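These are the residues of each chain, in order.
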Amino acid sequence: MTTTSITRTGARHPRAAIPSKPTPAPVEPRRHRLALAPAAVAASIDSLNQLLVDTLTLRDLYQKHHWQVSGPSFCELRVLFGKHHQEQAGLADQLGERVQTLGGVSIAMAADVAASAAIPRAPRFREDTTTQIERLLHAHEIILQEARTMARDTAASGDLGTNDLIVSDLIRLDERQVWFLIELIQGVA
Ligand SMILES: [Fe+2]
């Protein structure tokens, strides 16, 4: 067994060393006897993990804007961004659990999410309200575009459970949140 020190340069307090095993190479999905073709399962896991990382990114974008919003619509926007953040967090949980249900391994950690996300990275500083909403709409558009392609693929491969999650939960939630943002931007612009 090897050990890994998680002490950071410049850290005020030394961190305890934690035991860890060398990172294993990616493995084939476990067979969960779901009466699905292995190729269909592998494709669904890839699609779900992409939707997962983009949903986690959108979730964090809503959290960022919930904290950083400012201006005349502060209260209204803060509540809405917080609500959408929670809904995206719930959706991410469903996507991650679906990956595991299929025998895959869901992407979870921030660095791995950032490495795979299709949504552009947001700046660290606070943006004005119109830019915040535009950035959210752009993120939703990216997710909806990839989700519709993946919904068609999963329908064709016979993975109807994944198809239902993508269509009934993800697409419908994202479309409803876009509607709310579009209505909001009328009042802000
Ligand atoms: Fe809050």
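Thresholds applied
- Residues numbered from 1 in each chain as written.
- Predicted model: local features only at pLDDT ≥ 70, side-chain atom pairs only at ≥ 80, totals over all residues.
- Axes fitted to C-alpha atoms, helices over the stretch in contact; angles between N-to-C directions.
- Helix = DSSP H or I, 4+ residues; strand = E, 2+ residues; numbered from the N terminus.
- Parallel < 35°, antiparallel > 145°, perpendicular 65-115°, else oblique.
- Left-handed = near helix turned anticlockwise from the far one by under 90°.
- Nonpolar A, V, L, I, M, F, W, Y, C, P; charged D, E, K, R; others polar.
- Expected span 1.5 Å × (residues − 1).
- Buried ≥ 20, exposed ≤ 12 C-beta atoms within 10 Å, placed from the backbone.
- Core = buried A, V, L, I, M, F, W, Y, C linked by C-beta atoms within 7 Å.
- Contact = placed C-beta atoms within 7 Å.

Participant: Teacher, can you tell me more about the packing of helix α1 (residues 38-68) against helix α2 (residues 74-101) here?
Facilitator: Any two packed helices are characterised by how steeply their axes cross, that is the angle between the axes, and by the distance between the axes. Packing of α1 against α2 brings their axes to within 8 Å, and their N-to-C directions diverge by 160°. Taken as axis vectors, α1 and α2 run roughly antiparallel relative to one another. For the crossing formed where α1 meets α2, the hand is left-handed. Tallied by class, residues from the contact of α1 with α2 come to 13 nonpolar, ten polar and three charged.

Participant: Explain helix α4 (residues 129-157) to me, please; I cannot follow it from the model alone.
Facilitator: Structurally, the α-helix is built with 3.6 residues per turn, so residues lying three or four positions apart point the same way. Between its first and last C-alpha, α4 extends 42 Å over 29 residues, near the 42 Å set by a 1.5 Å rise per residue. Every buried residue of α4 is accounted for by Thr129, Gln132, Ile133, Leu136, Ala139, His140, Ile143, Ala147, Met150, Ala151 and Thr154. One or two residues past the end of α4 sits Gly158, with phi positive at roughly 95°.

Participant: I'm lost on the nonpolar core in this one. Help?
Facilitator: A general feature of soluble globular proteins is that nonpolar side chains tend to end up buried together. In this structure, Leu51, Leu52, Leu95, Ala147 and Ile166 are the most contacted members of the largest nonpolar core, which totals 33 residues. Breaking this core down by element, the ones donating at least two residues are α1, α2, α4 and α5 (160-188). Among the elements that take part in this core, α1 stands out by supplying ten residues, more than any other. Every residue in contact with Leu51, bar those within four places of it in the chain, is listed here: Leu95, Ile143, Glu146, Ala147, Met150, Ile166 and Leu170.

Participant: Where do I start with the environment of Asp46 in this structure?
Facilitator: Within the fold, Asp46 resides in helix α1. Sequence separation of Asp46 and Gly104 is 58 residues, and the distance between their C-alpha atoms is 8.9 Å.

Participant: Please clarify how the environment of Leu61 should be interpreted in this entry.
Facilitator: Here Leu61 shows up in helix α1. For the pair Leu61 and His85, spaced 24 residues apart in the sequence, the C-alpha separation amounts to 8.1 Å. When neighbours within four sequence positions are excluded, Leu61 is seen to be in contact with Ala122, Arg135, Leu136 and Ala139.

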